[in-house]
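A look at the structure
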Amino acid sequence: MTPAHDVVRLARLDLRVLGRSRWSWAALALGPAATIAIIIAALGSDAGIERQDTYRAGAASLLLLGGLVVALTLGATPVRAGIDSGRFGVLLGAGAGRTRLALGLVAARGLALMGVLAVWLVVLQLGSLLVGEGLDGPLAVHVAAGYETLLVSMLAALMAATSVGPVAAWVFGLFVNVLAQAAVNLKAAADAGALGTADALASAFYFLWPRAITSPMIAELQARDAAGPAAPQIDINQNIVTVPASEWDTIAWTLVWCCVIAWIVVVGMRRRGVR
């Protein structure tokens, strides 16, 4: 059996463990439950652009808040759970290898996050049909963009979980997410000349740190101040700053960071004590 096959088998095993978890089913159910509230709010708005904005802003808030909770929990919990249950010890004793075990976790958790967002997207598209807006292509692009931002946060939590407990790992993943969003916000402010002498520091931070991915949909909503809590307008020194949609360099840069963090997860698992 090749190493790649071993990683696939370990990922499938972790996905089966997730499939038996009540928490996983609760995460899936969060999307439909929130969508009902979003539909009600949208139907309470005037038909047309206002209703569309209300629906999209609600969907973006679900992805920002609910998606972040799901991503961080997926990343922060598997290491401690696998050790405490004895599952990691059995797998390592059977010759799985720490590198393959770590890569299996990365693959399984990334696929689980993708699966949850895919279910949410299907439900949100059905909701869009119900409010009379039809299938929403920009919303689908926004969910895809949000996945990458959530993925880097999830991997950061998983990286931390190889050294610290789940709560600290969860907080660290949140910290990375906040700074990723800050990187693009500060760069937008620097480009608008709103930071004065701090422009160079903001640009340096942007070019070094992982970046949140801004979809065209959320950029348009923010420009009209219609995105709600998902992307409020930024007021810096009485200058309103809007964040433009991400280009391919930002998408590629954050993917590079995902690969770097995944490698650090492997290094962390090699050093983690397992009983």
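Analysis parameters
- Residues numbered from 1 in each chain as written.
- Predicted model: local features only at pLDDT ≥ 70, side-chain atom pairs only at ≥ 80, totals over all residues.
- Heavy atoms only, no water.
- Helix = DSSP H or I, 4+ residues; strand = E, 2+ residues; numbered from the N terminus.
- Rg over C-alpha atoms; globule rule 2.2 N^0.38 Å.
- Contact = heavy atoms within 4.5 Å.
- Areas by Shrake-Rupley, 256 points an atom, 1.4 Å probe, with all protein chains shown as cover.
- Axes fitted to C-alpha atoms, helices over the stretch in contact; angles between N-to-C directions.
- Parallel < 35°, antiparallel > 145°, perpendicular 65-115°, else oblique.
- Left-handed = near helix turned anticlockwise from the far one by under 90°.
- Core = buried A, V, L, I, M, F, W, Y, C linked by side-chain atoms within 4.5 Å.
- Buried < 20%, exposed > 50% of the residue type's maximum accessible area, 1.4 Å probe, protein only.
- Expected span 1.5 Å × (residues − 1).
- pLDDT = per-residue confidence, 0-100.
- Disulfide = S-S within 2.5 Å.

Observations regarding the overall build of the chain
- When helices and strands are tallied, the chain shows eleven helices and two strands.
- Scanning the chain from its N terminus toward the C terminus, one meets helices and strands in the order α-α-α-α-α-α-α-α-α-α-β-β-α.
- On C-alpha atoms alone, the chain measures out to a radius of gyration of 20 Å, which is about the 19 Å that the 2.2 N^0.38 rule sets for 275 residues.
- Each principal axis of the C-alpha atoms in the chain carries an extent, and together these give about 60 × 50 × 30 Å.
- Within the chain, residue pairs in contact and separated by at least 24 positions form 77% of the contacts whose partners lie at least 6 positions apart.
- Carbon together with sulfur atoms contributes 68% to the accessible area of the chain, which is approximately 12,900 Å² in total.

What to know about the packing of helix H1 (residues 3-19) against helix H6 (residues 98-130)
- As a packed pair, H1 and H6 sit with axes 7 Å apart at the nearest point and diverge in direction by 50 degrees. Classified by the angle their axes make, H1 and H6 are oblique. Crossing hand, H1 versus H6: right-handed. The segment H1 lies against H6, with Pro3, Asp6, Val7, Leu10, Ala11, Asp14, Leu15 and Leu18 engaging Arg100, Leu101, Leu103, Gly104, Leu105, Ala107, Ala108, Arg109, Leu111 and Ala112.

Some remarks on the nonpolar core
- One finds Tyr55, Leu113 and Leu117 to be the most contacted residues of the largest nonpolar core, which totals 61 residues.
- Listed in part, the 14 residues of the second largest apolar core include Ala180, Val184, Ala189 and Ile236.

Some thoughts on helix H8 (residues 166-191)
- For H8, which comprises 26 residues, the first-to-last C-alpha distance of 38 Å matches the rise-based estimate of 38 Å (1.5 Å per residue) to within 8%.
- Taken as a whole, H8 has its buried residues at Ala169, Gly173, Val176, Asn177, Ala180, Ala183, Val184, Lys187, Ala188, Ala189 and Ala190.
- Positive phi appears at Gly193, one or two residues downstream of H8, with a value of about 70 degrees.

Considering the confidence of the model for the chain
- Summary statistics for the chain give a mean pLDDT of 90 and a share of 99% for residues scoring 70 or more.
- Within the chain, the element-level pLDDT minimum falls on strand E1 (residues 234-236), averaging 77, and the maximum on helix H7 (residues 137-161), averaging 96.

Remarks on the state of the cysteines
- Applying the stated criterion across every chain yields a total of zero disulfides.
- For the unlinked cysteine Cys258, the closest cysteine sulfur is that of Cys259, found at 6.9 Å.
- Residue class for Cys258 comes out buried when judged on its relative accessible area of 6%.
- By relative accessible area, Cys259 is classed as exposed at 56%.

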